[in-house]
Amino acid sequence: MNVVDRVRLGLAVGVAKAITAMVRLLGLGAASVLPGAISRRFHPRLLSLLCEQVKQGVILVVGTNGKTTTSLLLRTILEDQNYQVAHNETGANLINGLVTALLGNTNLIGTLTADYAILEVDENIVPLLLKDCQPRVILALNLFRDQLDRYGEVDAISQRWQKEIATLSPNTVIILNGDDPPLCYLGQQLNQKVRYFGLSEPKLYLEEIPHAVDSIYCPSCGHPLNYQGVYLSHLGDYSCEKCGFKKSKLALNSEDWPQILIGVYNKYNTLAAGLVAQELNVEKAAIFKTVKNFKAAFGRAEELTINGKHVRILLSKNPVGMNETIRAVSDIKKTGQSSTTLLVLNDRIPDGTDVSWIWDVDTEPLVKLGGNLVVSGDRTYDMALRLKYSQETSTEQNSCVKLIVKEDLKEAIETAFNLTGEEETLHIVPTYSAMLEVRGMLTGRQIL
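Analysis parameters
- Residues numbered from 1 in each chain as written.
- Predicted model: local features only at pLDDT ≥ 70, side-chain atom pairs only at ≥ 80, totals over all residues.
- Heavy atoms only, no water.
- UniProt positions renumbered as here; feature names shortened; annotations may be inferred.
- Helix = DSSP H or I, 4+ residues; strand = E, 2+ residues; numbered from the N terminus.
- Buried < 20%, exposed > 50% of the residue type's maximum accessible area, 1.4 Å probe, protein only.
- Contact = heavy atoms within 4.5 Å.
- Pairing = 2+ DSSP bridges.
- Axes fitted to C-alpha atoms, helices over the stretch in contact; angles between N-to-C directions.
- Salt bridge = Lys/Arg side-chain N within 4 Å of Asp/Glu carboxyl O.

Student: Would you mind going over the UniProt feature "binding site: Zn(2+)" (unreviewed entry) in the protein with me for this structure?
Tutor: Mapped onto the present numbering, the UniProt feature "binding site: Zn(2+)" (unreviewed entry) falls on Cys218, Cys221, Cys240 and Cys243. For the residues just named, distributed over 26 residues, the greatest C-alpha separation is only 8.7 Å, placing them together at one site. As for its placement among the helices and strands, Cys221 is situated in the loop between β6 (193–197) and β7 (226–232). The exposure class of Cys221 is partly exposed, given its relative accessible area of 31%. The residues touching Cys221, leaving out its near neighbours within four places in the chain, are Cys240, Lys242 and Cys243. When you line up the elements, Cys243 lands in the loop between β8 (235–239) and α9 (264–279). Under the relative-accessibility criterion, Cys243 is labelled partly exposed at 37%.

Here it is in structure tokens:
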């Protein structure tokens with residue numbers, strides 16, 4: 001780094017730290033984006049200069065679902081090994097958010113002190129980011145439909161990723177979900193070292209392919225894939241009878257691994273973080289120890305005790321995510337430990353303005369089990385209508401579900417609390433902005 005770069009970097013750091021202090025002092029938020037946005041004006045290569053300083057390397061975590069939970073688990077594993085880790089923990093995953101996170105780990109002259117940087121990255125900016133960052137590891141979790149108004153279809157995203165990743169150094173390690181056909185195919189086209197994680201537990205197969213399925217056709221030839229079984233959405237054990245494309249060999253045996261939190265999706269998150277940690281030479285025993293003591297990120301199966309009652313918040317922002325949430329909640333309802341679920345649907349920019357995706361969600365299992373379903377949010381009546389249709393089509397004669405519609409979120413939360421027994425868990429299923437609102441009301445403070 002030459003003298004001019006060093007001076008401009010120091011100036012950018014000074015401005016960023018001043019803005020961060022001011023925003024937090026005035027109680028305007030966590031300052032997770034603005035410092036990066038302004039400081040980038042002082043140096044066009046700011047992101048590149050920061051990434052180059054990370055001692056052990058940058059780890060990019062990409063995918064539709066699970067980025068925050070997986071990143072936090074990986075960060076915790078590394079910190080338990082006494083590494084210093086920079087991480088955009090607030091979930092600000094566009095360029096300005098990434099820059100802000102890295103700047104937060106620099107001293108006053110712009111020297112970055114982190115051993116590793118774990119950056120959760122929005123699917124759409126991966127090609128842009130790779131022009132300024134040469135990562136040590138890229139971890140791709142999955143690709144599902146999410147905010148079609150912004151991203152487009154999953155095949156288009158995987159093709160853009162493949163084009164840019166192919167230009168990276170051969171020393172970059174690519175870790176992919178082998179159960180996801182487009183990602184598996186992507187890995188098979190690369191020259192870098194590629195390792196795969198996934199499930200090897202047929203007992204977890206779904207009884208049928210869900211409506212929210214995104215990619216059941218061969219990414220090589222377009223022929224329908226032959227599935228031995230699916231774990232969620234289009235993730236499963238598959239092969240193509242026409243061209244011979246098949247699932248790559250997995251690096252881990254999932255049956256040997258414990259998992260964080262609840263749900264099949266969190267088994268994937270555990271395996272993903274664990275495989276990256278092993279690639280970074282962390283011992284398996286150390287990884288297991290961290291997994292067993294892991295606490296959820298805010299809103300991601302996070303558990304709270306409010307006024308003596310147990311609450312679990314399960315962020316759900318797309319068809320696959322909500323289907324898996326319903327699957328996990330239904331399993332708990334069957335044990336008699338939960339009778340009330342609060343669903344909160346918003347349509348703001350962080351959520352995606354198109355809420356038609358709720359019609360791809362299999363809400364029927366939740367309705368069939370009965371109990372109380374409280375609905376709120378900006379699109380209260382859209383969610384209520386979806387559940388009403390599930391009620392009408394339910395074949396369970398003994399299903400007794402009570403659908404309660406509350407436009408006012410505070411009133412909805414109070415109603416759900418009153419309906420939850422002392423020994424039960426209240427499950428709250430919100431979209432992203434709704435999760436921030438709900439959590440702010442429950443804890444008395446906002447996250448961002």
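Student: Would you take a moment to explain the sheet that holds strand β5 (residues 173–177) for this structure?
Tutor: In any sheet, the strands associate via hydrogen bonds between backbone groups, in a parallel or an antiparallel arrangement. Judged by pairing direction, the sheet is parallel, and its six strands sit side by side in the order β2-β3-β1-β4-β5-β6 without closing on themselves. The open sheet has two edge strands with one neighbour each: β2 (85–87) and β6. Each adjacent strand pair in this sheet contributes to an overall mean axis angle of 15 degrees, direction not counted. Strand contacts of helix α5 (residues 95–103): β2 and β3 (116–121), with the helix running at about 160 degrees to β3, the strand carrying the most contacts. Against the sheet, α9 touches β1 (57–62), β4 (137–140), β5 and β6, its axis set at about 145 degrees to β6.

Student: Looking at this structure, how should I read the pattern of salt bridges?
Tutor: Oppositely charged side chains may form a pair once their charged atoms are brought near each other. All told, the structure shown has 19 salt bridges when counted by the stated rule. One salt bridge connects Glu364 with Arg386, and the closest N-O pair in it is separated by 3.2 Å. Pair noted here: Glu364 is in helix α12 (residues 364–368) and Arg386 is in helix α13 (residues 380–393), with a separation of 22 residues, a long-range link. Using a relative accessible area of 6% as the deciding quantity, one classes Arg386 as buried.

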